[in-house]
Amino acid sequence: MIPSRQQPLRILVVDDDELDRLAVRRCLQQSTLHVRLQQASSATEALELAPEGHFDCILLDYYLPGEDSLDALRELNETAPGTPVVIFTGRGDEDIAVELMKAGAADYLPKASLTAERLETAVRHALRVWKDAEARQRAESLLRLLSHAAQHLLQAGDAQELVQGLLEEIRGPLGVDGCFVVLSDRPDSPPRLAAIAGLPGDAASSLLETGGEASGEDSIFAAGEPVQLKDVGRADDPGTASLRAAGVRVCACHPLRADDEGFGTLCFASRDKDTFPPEDQDFLRTVAHYATSAFQRLRHIEQMRESDRRKDEFLATLAHELRDPLAPLGNVLELIKHSHGDAGVLRMAQETMERQLGQLVQLVDDLLDVARITRDQLQLRRQRLELKAVIDRATEMASPLIDAAGVTLEVSLPEEPVWLDADPVRLTQVFGNLLINASKFTEANGRIMLAAERQDDEVVVIVSDTGIGIPQDKLRSIFDLFTQVPHGQPRSQSGLGIGLTLVARLVAMHGGTVEASSAGRGKGSRFVVRLPLSAGNSQESPAAPDEEPARVAGRRILVVDDNRDSTASLAMLLEMAGNTVREAYDGPEAIEAAREFRPDVLLLDIGLPTLDGYEVCRRIREEPWGREVLIAALSGWGQPEDRRKSQAAGFDRHMVKPVK
């Protein structure tokens, strides 16, 4: 690029002959070039002027008395490496021309044919060739720099190390004085400063406070393309105040995107430049592209570490939660041994065992429900139901824990019936879990409030408490699987971190939403559940409850299970109801017992040794006497695939342990 009239081309003429220098000056004056000319009569004088004058081009005579022109050319190229040198020769000797070009000349001109046009052409050609060579060298240098930067990006162990090392790589070549990266943990979470280098720790604070809105731009944190904040030092903009205080003049911000979703912004700041030129912007864009992969790698590593941490905590908590009800069960068994038939002791033991067994069953059911939901295998059994009936069952479910915590429960429901199309069991689980969660984190003499009201075409149910509250930074993750919020309570109160996950998933499956809020530590928490009303919500009476099933009595029942305690206890219950019962403990024994006993009902465990329950059922169905037997599967497996397999094997029913 040739300087404009306002920026004259700086040329140094080196020739010992004054008339030749005059001829060159006239040719330049007659050309269209706008030049500022300086002269030297020797190579020594030229070498003294070249570093100081910063010339755009040097015109050098090939024949200088007492000097080797090739040596002079090499020295000029070393002294002023960014300046092209055009050689004047007395004749157009091709051998000399080749020698000159090898020595580093940009072009050469025979003096005998010197004209303004030819001189202008030679100067423009030299500038263009030199500019291309310079650009090529810079490109090669940037490629080497990019290679080093990429290697560092792939090896950095955390965000701070990554940003610090990146700055060290590009600081000199690009004039970058500082780098910082802003990340979002999830699409709806506010951006946070993840790392900063070369600048004060609060240099990006005003950008974060204003959401990245600066200099009239939309948020740089949400931009899909690079944004360059120019004139930061002179801008009266609250968004760039902290950058301005750090002496930054320009800041180039590049989005970090993965899977068509932005997760952060990488910013490069300079205190010396007013803008990053296009070639630097292209390079920074490429660096940001590499950095995207590096930050993604770090995010995945952090997510895996967090997942491992939560898994370890979950397993430790699960072991605790399982042992918790087992301790009183063991205690009451000892009490029964030494009770000598005392009715009061036996009644207390019965109530304790029922309560603790219920907790174990609830724990296992919650775990199975989470597994079904995460695999998209949970199906709702919707029916038209009234909200009050669901709330009544939920409060009954949570009452033992609420009473044990010494907490008061207040319930406020609309006077008119509120009808929903929902699964009664799952909706009871939603509100039961919210009440149980509130009871765990509300101290004695505290209150839990459940209130509901109709709003347009939905019902809003609010469960609030006067408990310890939820930290603001945990509100967004409170519904994540295995999330446990630090609360300062004993570990026994923490739970598995799956109750609220079930609440969120089940509410979503019903077409509703749930939100959590808290005013802070010690100020309680609030959960708002919104559910769509049933179409044509009207005053209708609830369906009559199912009749109590008739007790089975006077039947011949074969109970098959390899767990002898389970088999014996179930057989005793059935015999107490007036049935004739026989027991078997493996597959072949079950087939033989069925052949001799000819049962009306066969309660058959699937996980049997030798022959599993599926094969036992198939073989019995092959017998003429086995076609009319009612065969029910008793299994710890209750997935849809398990039920399909039992039906295919010939079972009439599939019941999941424990069965009431």
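Criteria and cut-off values
- Residues numbered from 1 in each chain as written.
- Predicted model: local features only at pLDDT ≥ 70, side-chain atom pairs only at ≥ 80, totals over all residues.
- Heavy atoms only, no water.
- Helix = DSSP H or I, 4+ residues; strand = E, 2+ residues; numbered from the N terminus.
- Buried < 20%, exposed > 50% of the residue type's maximum accessible area, 1.4 Å probe, protein only.
- Contact = heavy atoms within 4.5 Å.
- Arc of directions from axis to C-beta.
- Pairing = 2+ DSSP bridges.
- Axes fitted to C-alpha atoms, helices over the stretch in contact; angles between N-to-C directions.
- Phe/Tyr/Trp six-rings, centres within 6.5 Å; stacked < 30°, edge-to-face > 60°.
- Parallel < 35°, antiparallel > 145°, perpendicular 65-115°, else oblique.
- Left-handed = near helix turned anticlockwise from the far one by under 90°.
- Nonpolar A, V, L, I, M, F, W, Y, C, P; charged D, E, K, R; others polar.
- Core = buried A, V, L, I, M, F, W, Y, C linked by side-chain atoms within 4.5 Å.
- Salt bridge = Lys/Arg side-chain N within 4 Å of Asp/Glu carboxyl O.

A few points about the side chain of S439
- Counting through the fold element by element, S439 comes out in helix α12 (residues 424-440).
- The exposure class of S439 is buried, given its relative accessible area of 3%.
- With residues near it in sequence (within four places) discarded, S439 still touches L401, I402, A405 and I448.

Things to note about helix α17 (residues 640-649)
- Inspection of α17 places D642, S646 and A649 among the buried residues, and these make up the whole buried set. Along α17, the residues classed as buried sweep out an arc of 60° about the axis, all on the same side. The outward face of α17, more than 90 degrees from its buried face, is lined by the exposed residues Q647 and A648.
- Looking at the buried residues of α17, the elements they touch are α16 (613-622) and β22 (653-656).
- Among the residues trailing α17, G650 stands out with phi positive, at a value near 115°.

Regarding the sheet that holds β22
- Read across the sheet, 5 strands follow the order β19-β18-β20-β21-β22 without closing on themselves; strand pairing throughout is parallel. Each of the sheet's edge strands pairs with one partner strand only, and the pair in question is β19 (580-584) and β22. Pairwise comparison of adjacent strand axes, ignoring direction, gives a mean angle of 20° for this sheet.
- Here 5 bridges tie strand β18 (residues 556-560) to β19, and the two strands are oriented parallel to one another. Note on β19: the bridge partner recorded for I557 is V581.
- Where α16 meets the sheet, it contacts β20 (601-605) and β21 (630-635), and its direction lies at approximately 150° from that of β20.

Thoughts on the environment of D272
- Relative to the helices and strands, D272 is located in the loop between β10 (261-270) and α9 (278-337).
- The exposure class assigned to D272 is exposed, which follows from its relative accessible area of 59%.
- For the pair D272 and R249, spaced 23 residues apart in sequence, the C-alpha to C-alpha distance is 6.8 Å.
- If we ignore the near neighbours within four places in the chain, the residues touching D272 are D177 and R249.

Here we look at unusual backbone geometry
- Unlike most non-glycine residues, N445 shows phi in positive territory, near 75°.
- As for its placement among the helices and strands, N445 is situated in the loop between α12 and β14 (447-455).
- Overall, the relative accessible area of 75% leaves N445 in the exposed class.
- Notably, D456 is not glycine yet its phi reads approximately 55°, a positive angle.

Some remarks on the packing of aromatic side chains
- According to the stated counting rule, one finds 2 aromatic pairs in the structure shown.
- Aromatic side chains Y62 and Y63 sit 4.8 Å apart centroid to centroid with 85° between the ring planes, which places their arrangement in the edge-to-face category.
- Using a relative accessible area of 42% as the deciding quantity, one classes Y63 as partly exposed.
- Arranged with centres 6.5 Å apart and planes meeting at 85°, the rings of Y614 and F651 form a pair that is edge-to-face. Residue Y614 is found in helix α16, and its partner F651 is found in the loop between α17 and β22; the two are separated by 37 residues along the sequence. Judged on exposure class, the residue Y614 and its partner F651 are both buried.

Regarding the packing of helix α11 (residues 387-404) against α12
- Relative orientation of the contacting elements α11 and α12 amounts to 40°, with a least axis distance of 8 Å. It follows from the interaxial angle that α11 and α12 lie oblique. Viewed along their axes, α11 and α12 form a crossing whose handedness is right-handed. Residue-level contacts link L387, V390, I391, R393, A394, T395, M397, A398, L401 and I402 of α11 to P424, L427, T428, F431, G432, N433, L435, I436 and S439 of α12.
- For the contact of α11 with α12, a count of residues per class yields 13 nonpolar, 5 polar and 1 charged.

What about the nonpolar core?
- Core analysis: the biggest nonpolar cluster contains 39 residues, and L387, L420, F431, L434 and V459 have the highest contact counts within it.
- Broken down by element, the residue count for this core peaks at 7 residues, all from α12.
- Non-local contacts of L420, meaning those with residues more than four positions away in its chain, are made with Q383, R384, L385, L387, L427, V459, L531, P532, L533 and S534.
- Among the nonpolar cores identified, the runner-up in size contains 27 residues, and L174, L284, A288 and A291 belong to it.

Some points on the packing of α12 against helix α13 (residues 499-509)
- Taken N-terminus to C-terminus, the directions of α12 and α13 make an angle of 145°; their axes are 9 Å apart at the nearest point. Read as a crossing pair, α12 and α13 show a hand that is left-handed. Residues R426, Q429, V430, N433, L434 and N437 of α12 lie in contact with α13, whose contacting residues are G499, L500, L502, V503, L506 and V507.
- Looking at side-chain class alone, the contact of α12 with α13 contains 7 nonpolar, 4 polar and 1 charged residues.

Some details on the sheet that holds strand β12 (residues 408-412)
- Here 5 strands make up an open sheet; going across it, the order is β12-β14-β15-β17-β16 and the pairing mixed. At either margin of the open sheet sits one strand with a lone partner, and together these are β12 and β16 (513-517). Taken pair by pair, the neighbouring strands of this sheet meet at an average axis angle of 15°, ignoring direction.
- Along the sheet, α11 makes contact with β12, β14 and β15 (458-465), crossing β12 at roughly 175°.

Re the pattern of salt bridges
- In total, this model carries 19 salt bridges according to the counting rule given.
- In this structure, D61 engages K111 in a salt bridge whose closest nitrogen and oxygen atoms are separated by 3.2 Å. Placement of D61 in strand β3 (residues 57-61) and of K111 in the loop between β5 (107-110) and α5 (116-155) is noted, with a sequence separation of 50 residues between them.
- Across the salt bridge formed by E596 and R582, the nearest N and O atoms sit 3.2 Å from each other. Residue E596 is found in helix α15 (residues 587-597), and its partner R582 is found in strand β19; the two are separated by 14 residues along the sequence.
- Overall, the relative accessible area of 48% leaves E596 in the partly exposed class.
- Several salt bridges converge on common partners, so that one network encompasses D15, D20, D61 and K111.

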